[in-house]
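Okay, here's what each chain looks like letter by letter:
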Amino acid sequence: QMLRTCKDEDLDNILFVIVDQVNRGKMHITEVSQRIEFAELNFLAGEKAKASGVFSSAAFYVEQGIGFLDKNSWNDYYQLWLRLYTSCIELEFCNGNFEKLAEVLNCIITHAKCFDDKLRAYCILIFSLGCQKQMVKAIEMGLDVLERLGEQFPTDLDVKDAATEVLKTRRMLEGQTMGTLIGKVIKDKRVLTIMGLLESLALYSYFGKPEYIPLFACRMIQLSLRHGWCSFTTFGYALYSVVLIAHDDIKGAERYGKLVLDIMEDKKAWYQHCRVNAVIYGIVFTHCRPLHLCLEPVAKAYRDCAKIGDSEWLVANASAFASLSFQCGKELSSIDIFLNDAEKKVKRWNATTIFPNLRVLRQAILNLMGKANHLTLLEGESISFKKEISNEMVRKNVQLTGRLQLYQVRLAYMFGDLDLAEHIVQESHGTEGIFFGKYEACEHLFYHGLVSFACARKTNEDKWTTFAQDSVGKMRRWAENAPFNCEQKLHLLEAEQCFCAGRRKEAEEKYASAILLSGTNGFVQDQALCYERAALFYLENGDIEEASTLYGKAHNAYLEWGARGKADHLCKHSPF
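First things first, this report covers the structure right here in the doc. Bear in mind that the values here come from a model prediction, so they are computed numbers and not experimental data. (Residues numbered from 1 in each chain as written. Predicted model: local features only at pLDDT ≥ 70, side-chain atom pairs only at ≥ 80, totals over all residues. Heavy atoms only, no water.)

1. Some points on empty space enclosed by the protein
Part 1 of the argument: Inspection of every chain in the model, using the stated rule, returns two cavities of 30 Å³ or more.
Part 2 of the argument: A volume near 270 Å³ is recorded for the largest cavity.
Part 3 of the argument: Lining of the largest cavity is provided by 22 residues; of these, Tyr 206, Ala 278, Ile 283, Ala 316 and Lys 438 occupy positions nearest its centre.
Part 4 of the argument: Only α12 (189-207), α14 (231-246), α16 (273-280), α18 (311-328) and α25 (439-459) provide two or more residues apiece to the lining of the largest cavity.
Part 5 of the argument: Here the element with the most residues in the lining of the largest cavity is α18; it accounts for seven residues.
Part 6 of the argument: Approximately 40 Å³ is the volume attributed to the second largest cavity.
Part 7 of the argument: As for the second largest cavity, its lining consists of Gly 402, Gln 405, Leu 406, Ser 428, Thr 431, Ile 434, Phe 435, His 444 and His 448. (1 Å grid on protein atoms, 1.4 Å probe; cavity = no way out; pocket = protein on both sides within 12 Å on 5 of 7 lines; lining within 4 Å. Points joined across faces, edges and corners; volume = space filled by probe spheres on them. Helix = DSSP H or I, 4+ residues; strand = E, 2+ residues; numbered from the N terminus.)

2. Observations regarding the pattern of salt bridges
Part 1 of the argument: Taken as a whole and assessed by the stated rule, the structure comprises 34 salt bridges.
Part 2 of the argument: With its nearest N and O atoms 3.1 Å apart, the salt bridge here joins Asp 248 to Arg 477. With Asp 248 in the loop between α14 and α15 (250-266) and Arg 477 in helix α26 (residues 462-481), this pair connects stretches of sequence that are 229 residues apart.
Part 3 of the argument: What makes Asp 248 partly exposed here is its relative accessible area of 45%.
Part 4 of the argument: For the salt bridge of Glu 296 with Arg 303, the shortest nitrogen-to-oxygen distance reads 2.8 Å.
Part 5 of the argument: Assessed through its relative accessible area of 39%, Arg 303 is described here as partly exposed.
Part 6 of the argument: Where salt bridges share partners, they join Glu 47, Lys 50, Glu 90 and Arg 120 into one cluster. (Salt bridge = Lys/Arg side-chain N within 4 Å of Asp/Glu carboxyl O. Buried < 20%, exposed > 50% of the residue type's maximum accessible area, 1.4 Å probe, protein only.)

3. Regarding the packing of aromatic side chains
Part 1 of the argument: Counting across every chain of the model gives 25 aromatic pairs.
Part 2 of the argument: Look at Phe 16 and Tyr 61: their rings are 5.5 Å apart centre to centre, the planes differ by 20°, and that puts the pair in the stacked class. One end of the pair, Phe 16, is in helix α2 (residues 8-24); the other, Tyr 61, is in helix α4 (residues 55-67), with 45 residues separating them in the sequence.
Part 3 of the argument: The partly exposed category is assigned to Phe 16, whose relative accessible area is 28%.
Part 4 of the argument: When the centroid spacing of 5.1 Å and the interplanar angle of 75° are considered together, the rings of Phe 446 and Tyr 447 count as edge-to-face. Both residues of the pair, Phe 446 and Tyr 447, count as buried.
Part 5 of the argument: Grouping aromatic residues by their ring pairs yields a cluster made of Phe 499, Tyr 511, Phe 537 and Tyr 538.
Part 6 of the argument: Taking the ring centre of Tyr 78 as reference, the NZ or CZ of Lys 113 above it sits at 4.4 Å. (Phe/Tyr/Trp six-rings, centres within 6.5 Å; stacked < 30°, edge-to-face > 60°. Lys NZ or Arg CZ within 6 Å of the ring centre and 35° of its normal.)

What follows is the structure, given as structure tokens:
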């Protein structure tokens, strides 16, 4: 009766009341025309709830709408059936209900009349595979769908493919201004779908097949230059700036990073920061701006992803923020609290794409805090290095493998297990490229250099000197571009180099400058390590008083960082 008497313009105000009443009497409604009408109303209620971000309620209304349809509705009322079923998979994806999603997906793929009608279902299937850590499968399916949409990519890539695409894109961008880049808007729905797929596949590629990242980034730019701007274009330029870093064009990367921020401001499209900040502030600007200034933009993107239910990028931003916080030397217990909170949010949406990478970091933090049985080993309540590194699926995830090796080397070196550190460095030397521009590549070089110098002093083998010098050379490049982030690391490596070569005076000067720069640049964890390494140097050279003073300062700095486990280890193994 309310439905019959209300005017069309009033329906929106009382839609939920009407639909809730109708659904309560659902079993008594048998007339086909009424059931179709009420299925349509439930669809409208679901769309309204979805627009408000209430995805669980939206899914309920859509399921109720599907319940009003009979088994042949896909044939008799095709458009309504398709709208309801497509909305259902979108909402179940947002809710992380992958079992229900798979069931509805099968219905669409079986009964939809053409590829275009199945396209949204294929996209959701790709996104769901990515969220369930099946990145390689998601990428393979995505490439197949893109091919059917007219965008082909080679299946067997080599370095030349990426270089060719980057060169082609550079030429297309020559002479372009921001006005020409965003003056036209993409209206073709197929192109928009392609751009959205490329954005998600780029995220999965970062953890599954990083060799595809340059191709996806360049294709997004090329499509935008041909067809116009869309919301995905901004991410395309952000990703392109990462590609430029991989090609050692730091100035170009910074320029396009700034362009991304300018486009968002011009278009008043700050909502895009949820997907852009993890790339721009989490990767690009770490090469040219102080790390500490990159934290808040990533933290904001994380908070806003939680508000709007963007589970994929919530995890990406959580990963970027936690990693940056650790690299900045933030107090360890505060990072641990953040990681626990992030994991709760991730579990709520069943989104696990990147979270194993965060568990690696959390276990390293627990070890440093003294909350592990064996502080040297990356083993404990969060993750097991031995178990993960022997898993075939993990080995395919190059980012996770690289992180496992990086943090295990770090712990082994800091807690004095040089044999373990030596083994992993031999296995992973020269692989810093798998971090694709992240600051972890800098840390990889740093710890590989420290371990190599220690092994060179211990064994006198030329290979370790070669490994160490390679790390120093690459670290100089980082320090040239971002001295405020890396110069203390470079000076410590150079101090170890002088120590190894027996150049005592130079070593003293480099240790002193490394200590000073660590404090000036605000990296307490680096300063603690610099104090410790300098103490060992003075001890070996017979200056007991200076060594004792530096040990005490190292201990205090580790405590300031929150690394109680390392501070206690230092006391336990102190020669004094």
